[in-house]
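In case you want the letters, here they are:
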Amino acid sequence: MDNVEMWRETTQAMGIMAISEDDKISVFRIVSAVLQAGNMQFKKERNSDQATLPDNTVAQKLCHLLGLNVTELTKAFLKPRIKVGRDYVTKAQTKEQVEYAVEAISKAIYERMFKWLVGRINKSLDRTKRQGASSFIGILDIAGFEIFEMNSFEQLCINYTNEKLQQLFNHTMFILEQEEYKREGIEWKFIDFGLDLQPTIDLIEKPMGILALLDEECWFPKATDKSYVEKLVASHSTHPKFQKSDFRAKADFSLIHYAGKVDYQGNQWLLKNMDPLNENVVALLQSSSDPFVVAIWKDAEIVGIGAASANDSAFGTRTKRGMFRTVGQVYKEQLTKLMMTLRNTNPNFVRCIIPNHEKKAGKIDAHLVLDQLRCNGVLEGIRICRQGFPNRIVFQEFRQRYELLTPHAIPKGFMDGRKACERMIQALELDPNLYRVGQSKIFFRAGVLAHLEEERDLKLTDIIISFQARARGLLARRNYQKRLQQLSAIRIIQRNCAAYLKLRNWQWWRLFTKVKPLLQVTNQEEAVRSREDELKRVTDHFEKSVHEVKELEGRQAQLLEEKNILAEQLQAETELCAEAEESRARLAVRKQELEEILQEMEQRVEEEEQHSVQLMQEKKKTPAQYSRSY
């Protein structure tokens, strides 16, 4: 992974979304501040539980990035001011409380920055200007169920979300699956597999459920995590999805989630469910010297116990505006809105699997992959898929792939794909309960196609073995014929060698071998051979030339034909051009005539106007003359 390249791509993408350079720097400052907040090291005083910050170097960097005063920020974390009745008092914080407050503020800062970034991108995409727009594309990224050795309130919220999403996934996927069965004309009884997760969801979200009891305990000042766990065990010990932990176990209780059993510890659940944000730090952020920080925190509302008590009326009662909302309530409301959005859209699901944590190619950690498949609900989804007809294949592909298993079932010639597949199924003698024939596909139970693939592999093995046997037989016969020819050649050579050994010392043979080169016959044979070779070359050259001439003649005829066609097109275009020119001339003459008529009409109009003026003048003079004569 090239960090420099990813940085360049990120800044380039932000530029494409019309994010200014100042906003880019502000976003990077926020991310850096969140990272710096995690480096703050708090310690406990020797004589008390009060938390201290021995080295404020990291705090100075954090305050510089966020535009805050380091002294005020340190004081807000270590000794925040809270309202008791009508007065404010300073409360000393323990090391654990300060660390939790820093974590909560860091998450809230990053959350608000991320919300601003999403809104800015939507604004660049013109999502906010279109009134009544109902079409959009959204991406929901979630890692799946979290199953650690020990899990807390955060894991419960994440697993609660995954239960709802997995229920939607099961419902959506199998509705589509069963709609395809209906479309293909397959008899099938509708089953809602999403109901399998409902008991666990009810255990978490229903009245007197885990979240409801947690909210109830937050109202009591003397309530503790232990009292909450005891009330939880007393209320749900008989629930099938709830298990009470053994007294020797570290976990307080266990839930049977979709992905498996998850052990939970109840430590700090009440604190996490109440207001996790330090009001003093939020106030500092709202008055920061950095305008970007002020902008993302301007609408912040403290919805916890502290803010609720600040709104007490004069009579000591809490008004409706001061009623606090716990983290569980807010999370549940947000999840309800998310599920409503997902149900009103057409969701598509993508399961991403990390092969290893080292980011190396070609390496697969089997335990890691299996754990992700279990936590993503893939294994359980496969189990549900096997209850229907998970394997399907179109008629043409089925015939092409498995026709070799039934070589004589389909007659030669054209046959409808469905009839051909039905004949093949009958020839294969499959159990009718293992398959269904639809309108365009054939459906199989789990494992049937795997069995057919094994049979096909065996058939192909037999065919290949038979082919190899025939090929090897052909090669062996060729080799045998070659050996026979070699044996015959060896015998001829042996016979000639034996004859030579007998004749080499014979005087007449020596005389013959010396006289033979002088004979004219030998030279004639060589001349005839050379003439034959030359004649063959000339003949080949002549045939090649004749072939080239024929090709050139054919090419010439083609070019002449193209030339004639182009000449005809040129003639037609010329005629069209002449006609257009004549039309233009006629239009010019007509234009000239119309202009002359227009000039005559304008002259007539001027004359009529003059005549009209004269008549008006005469009309005005006539009454005057009449009055004088009278």
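Residues numbered from 1 in each chain as written. Predicted model: local features only at pLDDT ≥ 70, side-chain atom pairs only at ≥ 80, totals over all residues. Heavy atoms only, no water.

Tracing the sequence through the fold places Leu73 in helix 4 (residues 70-78). Sequence-distant contacts of Leu73, that is, excluding residues within four places in its chain, are made with Leu62, Cys63, Leu68, Val281 and Leu284. (Helix = DSSP H or I, 4+ residues; strand = E, 2+ residues; numbered from the N terminus. Contact = heavy atoms within 4.5 Å.)

The subject of this paragraph is the packing of aromatic side chains. Inspection of the entire model under this criterion finds 13 aromatic pairs. A centroid spacing of 4.6 Å and a plane angle of 40° characterise the contact between Trp7 and Phe28, whose relative ring orientation is tilted. Taken together, the residues span a long stretch of sequence, with Trp7 in helix 1 (residues 3-16) and Phe28 in helix 2 (residues 21-37) at a distance of 21 residues. Here Phe28 falls in the partly exposed class, since its relative accessible area comes to 21%. A network of ring pairs unites the aromatic residues Phe153, Tyr228, Phe242, Phe253, Tyr264 and Trp269 as a single cluster. Of note, Arg445 hangs over the ring of Phe389, and the distance from its end group to the ring centre comes to 4.2 Å. (Phe/Tyr/Trp six-rings, centres within 6.5 Å; stacked < 30°, edge-to-face > 60°. Buried < 20%, exposed > 50% of the residue type's maximum accessible area, 1.4 Å probe, protein only. Lys NZ or Arg CZ within 6 Å of the ring centre and 35° of its normal.)

This part is about the pattern of salt bridges. Under the defined criterion, the tally for this structure stands at 17 salt bridges. Between Glu403 and Arg399 there is a salt bridge; the shortest N-O distance is 3.9 Å. Among the residues examined, Glu403 registers a relative accessible area of 28% and is labelled partly exposed. With a closest N to O distance of 3.4 Å, Arg418 and Glu422 form a salt bridge. (Salt bridge = Lys/Arg side-chain N within 4 Å of Asp/Glu carboxyl O.)

Attention shifts here to the sheet that holds strand 6 (residues 253-257). The sheet built from three strands is open, its strands ordered 5-6-7 with antiparallel pairing. Each of the sheet's edge strands pairs with one partner strand only, and the pair in question is strand 5 (242-244) and strand 7 (260-264). Averaged over all pairs of adjacent strands, the angle between strand axes in this sheet comes to 25°, irrespective of strand direction. Pairing between strand 6 and strand 7: five bridges, direction antiparallel. From the neighbouring strand, Ile256 faces strand 7, where its bridge partner is Lys261. Packed onto the sheet, helix 6 (residues 153-183) meets strand 6 and strand 7 and runs at close to 155° relative to strand 7. (Pairing = 2+ DSSP bridges. Axes fitted to C-alpha atoms, helices over the stretch in contact; angles between N-to-C directions.)

With that settled, consider the nonpolar core. Of all hydrophobic cores here, the largest spans 38 residues; its most connected members are Ile30, Leu66, Leu73, Phe77, Ile109, Leu285 and Trp297. The set of elements that each furnish at least two residues to this core consists of helix 2, helix 3 (57-66), helix 4, helix 5 (95-124), helix 11 (279-286) and helix 12 (291-297). Looking at this core element by element, the count peaks at seven residues for helix 5. Each residue touching Ile109, except ones within four places of it in the same chain, is listed here: Ile30, Val34, Leu66, Leu285 and Trp297. Leu165, Leu168, Ile210 and Cys218 belong to the second largest nonpolar core, which has 33 residues in total. (Core = buried A, V, L, I, M, F, W, Y, C linked by side-chain atoms within 4.5 Å.)

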